[in-house]
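Structure assessment
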Amino acid sequence: MSTPPLLSKLKECKQLLIYLEVLEVAVSVVLVREEEGTQFPVYYVIKVRSGAETRYPHLKKLALALVVASRKLRPYFQCHPIAVVTTFPLRNVLHKPELSGHLAKWAVEVSEFDIEYKSRTPIKSQVLADFVDDFSPRLMPLAAKEAMLVSGTVSSIWILFMNGASNVKGSGLGIVLITPSGETLRQAIRTMPLTNNEAEYETLVTGLEQARGIGSEVIKIKCDSQLVLNQVYGIFDTKEERMQQYFNKVQVFLLRFKEWSIIQILREENMEANALANLGSSTEMKGADFEALIPVEVEKPTLRYSRTNNEANNEALLVKLDLLEEHRNLAYVKMMAQKQIMERYYNRIANLRYFKFRDLVLRKVTQSTREVNAGKLGPTWERPYWISAIAGKYLYQLENQDGIKLPSNWNVTQLKSLFPFIQFLSQLGFSGKVFHGAAM
């Protein structure tokens, strides 16, 4: 609301009114008292939707607005009867026998209050103009569609757009069938060679058969062929034997419907069916000479889509989030177990050596420790060192014969034990130069 009005003081009244509105990113509520035919706002509530709330169906968002109002305005709900003013079947949403998840909890939560649901009437206050509709204009079409499904007031009329095409490439049928709930089923079918009129009748027969096969009882047929229209209504006679057969077949199918009608429309209004018919006539289907179905039912809901449940999906996501830490721990345990397996395998093939304190070892000559003038025939191991400390697993600290410690720790792969007899000589007191010469 751009300019919120001033709130009025609550006076003694028998009933308070609640207006709900669902916006693109929030839900808002206004509590109203009525006095002498005029409505006065008492309290405003607005809640920005977040997380899973942004993905709720529109009618569930409307129910969320009522629940938010009952929590924020609980003293008013406890002390006064409340009338929820809405044009949508909110009561049906909260009182369906198959409720589950959030809706079931909300239904129990609001059941403690004295709430009734009223249809909207002209709002008697200019300050409430922002609440003239339950939904913002962008959300209204989808919300109205949901309301029809919930209230069971969906129109039972199916609409069939049809067109047949015949050209040098072949013959094709174009069918656009719109269900009462608004889904669109599109089909392009390639058939055996037909004349234009035969293609029109073939399309009509196929469309009627499909509509009746999926439950249609009331159908409105829209075509741009004046000949088919007048022959079906009996205005024109069918003289050719083949056309008479088509006419009889159409009449048999029409008897299966409780109500039917056929109207002529402009060719411009039938462009989609015309495009499908041309697609069917110009598409080569291997292995099929006629009646080859081309999959163009773009808006036909799949089984996975029709059985989708946003509420159950959100609950499943929450369960996965609850188990996230457990999955991480399991992954860590598996990772450590794999590392241990690899370590055991490596140790088995590497035949690593182990040294004890005061063992005498040689250190491998590396690029950084090699003498400047040493060639290819230079020593690969250098003078003996004592193991002065065990720094870790496979790590050792070294000191030379003068007792000076080397600055870094050295891995076991860089060290080699002196022969036992040389260690024995060392214990007898021979100098480091002798050991150096022996190592050379």
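Residues numbered from 1 in each chain as written. Predicted model: local features only at pLDDT ≥ 70, side-chain atom pairs only at ≥ 80, totals over all residues. Heavy atoms only, no water.

Quick look at the overall build of the chain now. Summing up its helical and strand segments, the chain has 14 helices and 16 strands in all. The buried share among the 440 residues of the chain stands at 39%. Of the roughly 26700 Å² of accessible surface on the chain, a fraction of 55% belongs to carbon and sulfur atoms. (Helix = DSSP H or I, 4+ residues; strand = E, 2+ residues; numbered from the N terminus. Buried < 20%, exposed > 50% of the residue type's maximum accessible area, 1.4 Å probe, protein only. Areas by Shrake-Rupley, 256 points an atom, 1.4 Å probe, with all protein chains shown as cover.)

Pairing within the open sheet is mixed, and its 5 strands lie in the order 3-2-1-4-5. Each having just a single partner strand, strand 3 (38–48) and strand 5 (115–118) make up the two edges of the open sheet. In this sheet, neighbouring strand axes are inclined to one another by 25° on average, regardless of whether the strands run parallel or antiparallel. In terms of strand pairing, strand 4 (residues 82–85) meets strand 5 through 4 bridges, oriented parallel. Each residue of the ladder has a partner; that of Val 84, found in strand 5, is Tyr 117. Running over the sheet, helix 1 (residues 58–72) touches strand 1 (16–22), strand 2 (26–35), strand 3, strand 4 and strand 5 and is turned about 135° from strand 1. (Pairing = 2+ DSSP bridges. Axes fitted to C-alpha atoms, helices over the stretch in contact; angles between N-to-C directions. Contact = heavy atoms within 4.5 Å.)

Counting residues in each nonpolar core, the largest one holds 33 residues, and the members touching the most others are Leu 20 and Phe 77. Contributing elements (two or more residues each) for this core: strand 1, strand 2, strand 3, helix 1, strand 4, helix 3 (90–94) and helix 4 (101–110). Take this core: its biggest share by element is 9 residues, from helix 1. With residues up to four places along the chain from it excluded, the contact list for Phe 77 reads Ile 18, Leu 66, Ala 69, Ser 70, Ile 82, Phe 113 and Ile 115. In this structure, Leu 160, Val 228, Leu 229 and Tyr 246 belong to the second largest nonpolar core, which totals 29 residues. (Core = buried A, V, L, I, M, F, W, Y, C linked by side-chain atoms within 4.5 Å.)

Taken residue by residue, a regular strand's side chains alternate between the two faces of the sheet. Counting buried positions over the 5 residues of strand 12 (residues 360–364) gives 4, a clear majority of the element. With 5 bridges connecting them, strand 12 and strand 13 (residues 381–392) associate as antiparallel partners. Looking at the pairing, Leu 360 lines up with Trp 386 of strand 13. Where strand 12 and strand 16 (residues 415–417) come together, 3 bridges link them in antiparallel fashion. Bridging from a neighbouring strand, Leu 362 pairs with Lys 416 of strand 16.

Counted under the stated rule, the structure contains 10 salt bridges. Between Arg 267 and Asp 224 there is a salt bridge, and its shortest N-O distance comes to 3.7 Å. On the criterion of sequence distance, the pair formed by Arg 267 in the loop between strand 10 (259–264) and helix 9 (271–282) and Asp 224 in the loop between strand 9 (218–223) and helix 7 (226–232) is long-range, its members being 43 residues apart. In this structure Arg 267 comes out as partly exposed when scored by relative accessible area, which is 47%. (Salt bridge = Lys/Arg side-chain N within 4 Å of Asp/Glu carboxyl O.)

Let's shift gears to helix 1. For helix 1, with 15 residues, the first-to-last C-alpha span of 21 Å sits near the 21 Å given by 1.5 Å per residue. Burial analysis of helix 1 places 13 of its 15 residues in the buried class, which makes it a mostly covered element. (Expected span 1.5 Å × (residues − 1).)

Scanning all chains against the criterion turns up 6 aromatic pairs. Note on Tyr 56 and Trp 106: the rings are 5.9 Å apart at their centroids and 70° apart in plane angle, and the pair reads as edge-to-face. Remark: Trp 106 occurs in helix 4 and Tyr 56 occurs in the loop between strand 3 and helix 1; sequence separation between them is 50 residues. One exposure class covers both Tyr 56 and Trp 106, and it is buried. Ring centres of Phe 77 and Phe 113 lie 5.4 Å apart, and the angle between their planes is 65°; this geometry places the pair in the edge-to-face category. Of this pair, Phe 77 sits in helix 2 (residues 74–79) while Phe 113 sits in the loop between helix 4 and strand 5; the two residues are 36 residues apart in sequence, bridging distant segments of the chain. Looking at Phe 113, the relative accessible area reads 9%, which means it is buried. (Phe/Tyr/Trp six-rings, centres within 6.5 Å; stacked < 30°, edge-to-face > 60°.)

Mapped onto the fold, Ala 312 is located in helix 11 (residues 310–322). Distance from Ala 312 to His 102, taken between C-alpha atoms, is 9.8 Å for residues 210 residues apart in sequence.

Contact geometry of helix 1 with helix 4 gives a least axis separation of 10 Å together with a crossing angle of 35°. Here helix 1 and helix 4 pass one another in a crossing that is left-handed. Side by side, helix 1 and helix 4 meet where Lys 60, Ala 63, Leu 64, Val 67, Ser 70 and Arg 71 of the first sit next to His 102, Leu 103, Trp 106, Glu 109 and Val 110 of the second. Taken together, the residues that form the contact of helix 1 with helix 4 break down as 6 nonpolar, 2 polar and 3 charged. (Left-handed = near helix turned anticlockwise from the far one by under 90°. Nonpolar A, V, L, I, M, F, W, Y, C, P; charged D, E, K, R; others polar.)

Okay, the sheet that holds strand 13 next. One open sheet accounts for 5 strands, arranged 15-14-13-12-16; its pairing is antiparallel. The open sheet has two edge strands, strand 15 (405–411) and strand 16, and neither has a second partner. Sheet twist, expressed as the average angle between the axes of neighbouring strands with direction ignored, equals 45°.

Next up on the list: helix 8 (residues 241–254). Across its 14 residues, helix 8 extends 20 Å between first and last C-alpha, which sits within 8% of the 20 Å expected from 1.5 Å per residue. Of all the positions in helix 8, only Met 243, Tyr 246, Phe 247, Val 250, Phe 253 and Leu 254 are classed as buried. Angularly, the buried residues of helix 8 cover 125° about the axis, an arc narrow enough to put them on a single face. As for helix 8, its buried residues are in contact with helix 6 (196–213), strand 9, helix 7 and strand 10. (Arc of directions from axis to C-beta.)

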